[in-house]
Amino acid sequence: MIALKRDRGALVLSFVLPLAFFSIFAVIFGRQGGGTPTVKLIVVDQDQSQASAALVKGLQSESSLVVMMKPEAKSKSAPAPADYTAATAEAAVKAGDAPVALIIPAGFGQHPIAFGPDAGGSTLELLNDQSDTIAPQIVVGLLQKAAITSMPSAMADEGMKYADKYVGGFTPAQKAKVDEELDALRKAEADGKTGAGSGDSGNGNSGNGSAGAGIVAVNVRAVVGENKKSPMISFYAAAIGVMFLMFTASGSAGALLDEAESGTLERVLSTRVTMTKLLAGKLVFNTGLAFVQLTAMFLWGWSAFKLDFFSHLPGFAVMGLCTAFAVAAFGMLLASACQTRAQLGALSTLVILIMSSVGGSMFPRFLMPESMQKAGLLTINAWAIDGFTKVFWRDLPVTDLWPQVAVLLGVGVVLFLIARRVARRWEFS
Amino acid sequence: MTASTQMIEEGTALEVDGLVKRFGDLTAVDGVSLTVRAGECLGLLGPNGAGKSTLIRSMVGRVRQDSGRVTVMGKAAGSTEARMALGWVPQELSIYPRITCRENLGSFGRYYGLKGQTLKDAIAWCLHWAALEEKQDDVAKTLSGGMKRRLNMAAGMLHRPKVVLFDEPTVGVDPQSRNRIFEMIEALRDAGTAIVYTTHYMEEAERLCDRIAIIDHGKIIAEGTNEELVEKTFGRRSQVLARFDGETAAIEAWAGRHGGRVKGETAEFTIEQAGEIAPLLDDATKAGLELEDLTLRRPNLESVFLHLTGRELRD
């Protein structure tokens, strides 16, 4: 008891860490009420018919979907961007702006739904990013719901066709009456007087995602990761790699504390070496160490899990070095801020685990609530994982890494400068 | 000719001038001035907390002084030139315990900017100087206490400094290793290195130091050779140490009457003539004190230290 009271690091780990973790995971999972997460859905309406408009309207009313017809304007003063086309929608999915895009083809309104696979209805196209396996299932399910609730005239029309075909045919009078009712229904639909569902899709029901299933035929096509053998390997190589890199970096930077404790640091500072030179030297060494560790991680992914490592070497080198630099500087700051190894152990465990959980090393950020996804951007993990995902998952060129490179290098420089400032306490008395 | 050049030519390797360092309300070093010449060993003696460590760290350039200045070979302490001219052997073992002797020396050599053959030669010289050639590939933490001390010393010598600060280098060392350390320091001094040596052992100071400065409460309270210090403090007087069996209060009252002082059961006096002893003892007998032991001796450095600071050297 006395030992625990005096060891503040252990005390913090015993009480603060579980509470912090509980809170983070409660925010990630608890606010969803057990329902489906919100999915960003790009919609391209090539048909521009009454039926397609009704379907889009039905999708827009779903609280689980954020329907985007056009890209977000870059600034308030910028001109409104044009609606997505099939090509720009596919590019947006590839760039990670949204996990799925729905293409409503021209002619959809002619034959929007079909009762059965051989009924000859139009087929919608759903473009998806393989890294998010949940989003397309949600969208397919909600598409069926929207078709039923938003397009009653199409439903009735198709029903009448079946009745006419299999029940024995209508008399001209019956046919006229049916047409009259369908026209009224179409008019009401156009006026917005028909329901588009309650918008509550929180029960988690989703379609099975297979093409042609349900009353609206959907062809799901992966545009990112379609040729990947192990979809999540690159994600976890980066996610787990960055987390352990942080532990290694803080442990390695802790040598500074050992030197301070043993008096070696003071002796070193009496030589030609200044504190700035010493810290810079340690930063370079720790960056190299972190890069080697990351390389080993990805090589293991290549040999054991068939990760496509060697065709992404330039991107890996850029992201690996930037991540290693940021993580090494982070370790230096932690070490220079602590008084003892025990303190460093407690603080680094606390900070690294929190950053890793918020930053997506433990749970993919795209499955987190929007607010948590934004909070994740305050961590090194999130930027590093985003960068590695661009390289290994989206196959983007090195030039597309500039936001991640800029942030990681900037963070590294700032953390190092703060570490240097804090280390002044060892310099003079 | 600049002042610093003139100083070096005159042989002054280290100069402390009016140094003051305060920590809050505590004045750790209070106007200290001293010089050390090339080939000279200055002993720095003082009780714990007297300001020795702060003074040494000021010489290394690790303290921001409030006033005064410290120069090493004419360059301000802490400057690159001063660092390269100075070797520092801290009291704590400041070596890397998990690497070998050779690797330790290699690391410190590189910190001093040595490389290639120069570094190899420096390591070889240090291993020889510290008599660690046979242990060069042993991991530092497996060495004996004396060997670790010698390695600790060698790590400060790689750049062959002109001024070396030894801060109690023999703490916890067996007599055989201590002798070896004395030989190492004497070899340095004979080669013209200026040395500042702090110790708690009087015999070390008497053997190694050409001059001795006694520091207390941040001030140099006496400075000179061993003989000069004794002469200045006691003149031609001798010391009488008398141990009694009796009550401490009675011993103190008796000693007080004759200008002496008491430590434990031993009273201490200084006298000019041997004839002064008999009246002292007569008075003790009258006071009911039973003499157990009587010593008459010429005062030494320990006596000087005790006289000036009121404390034993090892307190």
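None of the values given here were measured: they were computed from a predicted structure.

1. Considering the overall build of chain A
And step 1. A count of helical and extended segments in chain A gives 16 helices and 5 strands.
And step 2. Residues counted as buried form 45% of the 429 residues belonging to chain A.
And step 3. In chain A, once contacts between residues fewer than 6 apart in sequence are set aside, the share between residues at least 24 apart is 78%.
And step 4. Surface summary for chain A: the accessible area is close to 19900 Å², and the carbon and sulfur share equals 63%.

2. Quick word on the confidence of the model for chain A
And step 1. The predicted model of chain A averages 81 in pLDDT, with 84% of residues at 70 or higher.
And step 2. Within chain A, no element has a lower average pLDDT than helix H1 (residues 2-6) of chain A, which sits at 67, and none a higher one than helix H16 (residues 402-422) of chain A, at 96.

3. Some remarks on the interface of chain B and chain A
And step 1. Facing 27 residues of chain B, the contacting portion of chain A comprises 17 residues.
And step 2. Taken over both partners, the interface formed by chain B and chain A buries close to 2000 Å², and the fraction arising from carbon and sulfur atoms is 50%.
And step 3. Area buried by chain B at its contact with chain A is led by Arg-62, Arg-83 and Tyr-111 of chain B, which between them contribute 37% of it.
And step 4. With a closest N to O distance of 2.1 Å, Arg-57 of chain B and Glu-266 of chain A form a salt bridge.
And step 5. Where chain B packs against chain A, one counts 12 residue pairs in polar contact (both at pLDDT 80 or more).

4. With respect to the sheet that holds strand E1 (residues 12-23) of chain B
All names here are of chain B.
And step 1. Across the sheet, 4 strands lie side by side as E2-E1-E4-E5; this open sheet has antiparallel pairing. Each edge of the open sheet is held by one strand with a lone partner, namely strand E2 (26-37) and strand E5 (75-76).
And step 2. Sheet topology places strand E4 (residues 67-72) next to E5; 2 bridges connect them, and they run antiparallel. The residue of E5 that forms the bridge with Thr-71 is Ala-76.
And step 3. Helix H2 (residues 52-60) contacts E1, E2 and E4 of the sheet and is inclined by roughly 125 degrees relative to E1.

5. Things to note about the sheet that holds strand E14 (residues 290-297) of chain B
Residue and element names in this part refer to chain B.
And step 1. Strand order in the open sheet formed by 4 strands is E12-E13-E11-E14, and the pairing between neighbours is antiparallel. Strands at the two margins of the open sheet, each flanked by one partner only, are strand E12 (261-263) and E14. Strand-to-strand, the axes of this sheet are offset by a mean angle of 25 degrees, without reference to chain direction.

6. Notes on the pairing of E4 of chain B
Residue and element names in this part refer to chain B.
And step 1. Here E1 runs beside E4; their pairing, made up of 5 bridges, is antiparallel. From the neighbouring strand, Val-20 faces E4, where its bridge partner is Ser-67.
And step 2. Counting the residues between successive antiparallel strands, the hairpin from E4 to E5 contains 2 residues, one of them, Met-73, with a positive phi of roughly 50 degrees.

7. Focus on the state of the cysteines
All names here are of chain B.
And step 1. Enumeration over the complete set of coordinates arrives at 0 disulfides over all chains.
And step 2. You can see Cys-41 has no disulfide; the closest cysteine sulfur is in Cys-209, sitting 4.0 Å from it.
And step 3. Residue Cys-209 is classed as buried on the basis of its relative accessible area, which comes to 11%.

8. Digging into the packing of aromatic side chains
Residue and element names in this part refer to chain B.
And step 1. The tally for this structure, following the rule as stated, stands at 18 aromatic pairs over all chains.
And step 2. When the centroid spacing of 5.6 Å and the interplanar angle of 25 degrees are considered together, the rings of Tyr-96 and Phe-108 count as stacked. With a gap of 12 residues between them, Tyr-96 in the loop between strand E6 (86-89) and helix H4 (101-111) and Phe-108 in helix H4 connect regions that are remote in the sequence. Across this residue pair, the class does not change: Tyr-96 and Phe-108 are buried.
And step 3. In this structure, Arg-160 is placed above the aromatic ring of Trp-125, and the distance from its NZ or CZ to the ring centre is 3.6 Å.
And step 4. Between the NZ or CZ atom of Arg-178 and the centre of the ring of Tyr-201, over which it lies, the distance is 4.3 Å.

9. Some details on the layout of surface pockets
The gaps of empty space that remain are located by a probe, the size of a water molecule, rolled over the atoms.
And step 1. When its volume is computed, the second largest pocket comes out at roughly 560 Å³.
And step 2. In this structure, the second largest pocket is lined by 19 residues; those nearest its centre are Ala-255, Asp-258 and Glu-259 of chain A together with Tyr-96 and Arg-98 of chain B.
And step 3. Only helix H8 (233-253), helix H9 (255-262) and helix H11 (275-305) of chain A together with H4 of chain B provide two or more residues apiece to the lining of the second largest pocket.
And step 4. A breakdown of the residues in the lining of the second largest pocket according to their chemical character gives 9 nonpolar, 6 polar and 4 charged.

10. A closer look at the side chain of Thr-199 of chain B
Residues and elements named next belong to chain B.
And step 1. When you line up the elements, Thr-199 lands in the loop between strand E8 (194-198) and helix H8 (202-208).
And step 2. With a relative accessible area of 2%, Thr-199 lands in the buried category.
And step 3. A distance of 2.9 Å separates a polar atom in the side chain of Thr-199 from the backbone nitrogen of Tyr-201.
And step 4. Polar contacts involving the side chain of Thr-199 include one to the side chain of Glu-204, which spans 2.9 Å.
And step 5. In this structure Thr-199 touches Leu-44, Leu-45, Glu-168, Glu-204 and Ala-205, once residues within four positions along its chain are discounted.

11. Section: the pairing of strand E4 (residues 123-129) of chain A
Put simply, side chains in a regular strand alternate between the two faces of the sheet.
Residue and element names in this part refer to chain A.
And step 1. Most of E4 sits out of view: 5 of its 7 residues are buried.
And step 2. Alignment of E4 against strand E5 (residues 217-224), held across 7 bridges, turns out to be parallel. By the bridge assignment, Leu-124 is partnered in E5 with Val-218.

12. Re H11 of chain A
All names here are of chain A.
And step 1. Between the first and last C-alpha of H11 there are 43 Å, a value that for 31 residues agrees with the 45 Å anticipated at 1.5 Å per step.
And step 2. Those residues of H11 that fall on the buried side of the exposure criterion are Met-275, Leu-278, Leu-279, Lys-282, Leu-283, Asn-286, Thr-287, Ala-290, Leu-294, Thr-295, Phe-298 and Gly-301.
And step 3. Among the structural elements, H8, H9, helix H10 (264-269), helix H12 (313-337), helix H15 (380-392) and H16 are those in contact with the buried residues of H11.
And step 4. Following H11 by one or two positions, Lys-306 has its phi on the positive side, about 60 degrees.

13. What about the packing of H12 of chain A against helix H13 (residues 341-359) of chain A?
Residues and elements named next belong to chain A.
And step 1. Where H12 meets H13, the closest approach of the two axes is 9 Å, and the angle between their N-to-C directions is 140 degrees. Here H13 runs oblique to H12, going by the angle between their axes. Handedness of the H12/H13 crossing: right-handed. Seen from H12, the contacting residues are Phe-330, Leu-334 and Ala-335; seen from H13, they are Leu-344, Leu-347, Ser-348, Val-351, Ile-352 and Met-355.
And step 2. Considering only residue class, the contact of H12 with H13 consists of 8 nonpolar, 1 polar and no charged.

Definitions and limits used
- Residues numbered from 1 in each chain as written.
- Chains lettered and ligands numbered in written order.
- Predicted model: local features only at pLDDT ≥ 70, side-chain atom pairs only at ≥ 80, totals over all residues.
- Heavy atoms only, no water.
- Helix = DSSP H or I, 4+ residues; strand = E, 2+ residues; numbered from the N terminus.
- Buried < 20%, exposed > 50% of the residue type's maximum accessible area, 1.4 Å probe, protein only.
- Contact = heavy atoms within 4.5 Å.
- Areas by Shrake-Rupley, 256 points an atom, 1.4 Å probe, with all protein chains shown as cover.
- pLDDT = per-residue confidence, 0-100.
- Buried area = accessible area lost by both parts, 1.4 Å probe.
- Salt bridge = Lys/Arg side-chain N within 4 Å of Asp/Glu carboxyl O.
- Polar contact = N/O pair within 3.5 Å; in protein donor to acceptor, adjacent residues only side chain to side chain.
- Pairing = 2+ DSSP bridges.
- Axes fitted to C-alpha atoms, helices over the stretch in contact; angles between N-to-C directions.
- Disulfide = S-S within 2.5 Å.
- Phe/Tyr/Trp six-rings, centres within 6.5 Å; stacked < 30°, edge-to-face > 60°.
- Lys NZ or Arg CZ within 6 Å of the ring centre and 35° of its normal.
- 1 Å grid on protein atoms, 1.4 Å probe; cavity = no way out; pocket = protein on both sides within 12 Å on 5 of 7 lines; lining within 4 Å.
- Points joined across faces, edges and corners; volume = space filled by probe spheres on them.
- Nonpolar A, V, L, I, M, F, W, Y, C, P; charged D, E, K, R; others polar.
- Expected span 1.5 Å × (residues − 1).
- Parallel < 35°, antiparallel > 145°, perpendicular 65-115°, else oblique.
- Left-handed = near helix turned anticlockwise from the far one by under 90°.

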